[in-house]
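Geometric and topological summary
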Amino acid sequence: MGAKGLLQLVPAHRLSTWSAAILQPLGREQRRTLEAFLRSGSVQIAASALDVSEGTVRTRLRGISSALALELDNATVQAQLLLAVRTPTAPIKTRSTTPLATHPPVPTELLSPDDAYRWAADVLEPLNAPLRIALRCWLKHRGRTAPAASELKLSRTTLTKWLSKIGDILPLDLQSAAVRAELHLAVETIATPEDAPGFLPRRGGRTYRYQRSS
């Protein structure tokens, strides 16, 4: 994210204090496991990186989820936690933990809602509505193209081309877990009800609306 990244935007002491409070319940091994999982998005890859079994990683993740009282499958939770584990550590002692909430996406301990909105709008300003909708859906599915394409009613080839275009426009490396995490926080910060697959413009200017099931 370069100069637009939250690690550059938020004062270091504020990031360190927030991160220390969030991660306080976790031991060193748990933090390593969490970071490996968040950076790879895969239990299998995390197990290989940590040189342990996949079962061990799953057991540790259940313990982490319990310790933090969080559902680790939530994309916003994952984005916030990856920001926390990426924050340079500091010898900060906190007396109590800070609960992690998904609304607003950028914690108010880091930025005020107005500042977070300005940051997100600046990051995503080059994207038009269709690309922003596609990016948001893809990030919600944690960078998995097949389920995102299905929800968007696009072919995987089309979505892949759009994602390549997004990477060139911003310009950012969408293969980076850290980049995807901050982009997720950005798109959720400025999202409106119309930033959804059902409002994706179709050929001829029409938009596809999902029909409600009876």
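Each value, and the rule that gives it
Residues numbered from 1 in each chain as written. Predicted model: local features only at pLDDT ≥ 70, side-chain atom pairs only at ≥ 80, totals over all residues. Heavy atoms only, no water. Core = buried A, V, L, I, M, F, W, Y, C linked by side-chain atoms within 4.5 Å. Buried < 20%, exposed > 50% of the residue type's maximum accessible area, 1.4 Å probe, protein only. Helix = DSSP H or I, 4+ residues; strand = E, 2+ residues; numbered from the N terminus. Contact = heavy atoms within 4.5 Å. Salt bridge = Lys/Arg side-chain N within 4 Å of Asp/Glu carboxyl O. Axes fitted to C-alpha atoms, helices over the stretch in contact; angles between N-to-C directions. Parallel < 35°, antiparallel > 145°, perpendicular 65-115°, else oblique. Nonpolar A, V, L, I, M, F, W, Y, C, P; charged D, E, K, R; others polar. Polar contact = N/O pair within 3.5 Å; in protein donor to acceptor, adjacent residues only side chain to side chain. Expected span 1.5 Å × (residues − 1). pLDDT = per-residue confidence, 0-100. Arc of directions from axis to C-beta.

Glancing now at the nonpolar core. Counting residues in hydrophobic clusters, the biggest one holds 65 residues, and the most contacted among them are Leu81, Trp119, Leu124 and Leu183. Residue contributions to this core peak at eight residues, all from helix H11 (residues 177–190). If we skip the residues at most four places from it in the chain, Leu183 touches Val123, Leu124, Leu139, Leu170, Leu172 and Leu174.

Two side chains carrying opposite charge are able to pair once their charged atoms lie near each other. If you walk through the whole model with that rule in mind, you get nine salt bridges. The residue Glu29 makes a salt bridge to Arg60 at a minimum N-O spacing of 3.2 Å. Highlighted residues: Glu29 in helix H3 (residues 28–40) and Arg60 in helix H5 (residues 54–68), separated in sequence by 31 residues. Note on Glu29: relative accessible area 48%, which makes it partly exposed. Take Arg60: its relative accessible area is 16%, and that puts it in the buried class.

Glancing now at the packing of helix H4 (residues 43–50) against H5. It is at 8 Å that the axes of H4 and H5 come closest, and there the two elements cross at 105°. The angle between H4 and H5 falls in the class roughly perpendicular. Between H4, through Val43, Gln44, Ala46, Ala47 and Leu50, and H5, the contact on the second element is made entirely by Glu54, Val57, Arg58, Arg60 and Leu61. The residue inventory of the contact of H4 with H5, partitioned by class, reads six nonpolar, one polar and three charged.

Next up on the list: the side chain of Arg60. At 2.9 Å, the side chain of Arg60 and the side chain of Thr33 are in polar contact. Each residue touching Arg60, except ones within four places of it in the same chain, is listed here: Glu29, Thr33, Leu50 and Val52.

With that settled, consider helix H2 (residues 12–23). In a regular helix each residue adds 1.5 Å, so 12 residues correspond to 16 Å; H2 covers 16 Å between its end C-alpha atoms and thus fits that length. Listed in full, the buried residues belonging to H2 are Leu15, Ser16, Trp18, Ser19, Ala20, Ala21, Ile22 and Leu23. Contacts made by the buried residues of H2 are with helix H1 (6–9), H3, H5 and helix H6 (75–86).

Moving on, we get to the confidence of the model for the protein. Here the protein shows a mean pLDDT of 90. Residues at 70 or above account for 90%. In this model, residues 208–214 is a region of pLDDT below 50 whose contacts with residues beyond four sequence positions or in other chains number 13 contacts.

Attention shifts here to the environment of Glu35. Looking at where Glu35 falls in the secondary structure, it is placed in helix H3. As for Glu35 and Gln78, which are separated by 43 residues in sequence, their C-alpha atoms are 10.0 Å apart.

Let's shift gears to helix H9 (residues 145–152). Every buried residue belonging to H9 is among Ala148, Ala149 and Leu152, and all of these are buried. For H9, the buried positions fall inside an angular range of 100° around the axis, keeping them on one side. Along its buried surface, H9 packs onto helix H8 (129–140) and helix H10 (156–169). A positive phi of about 60° marks Lys153, the residue just after H9.

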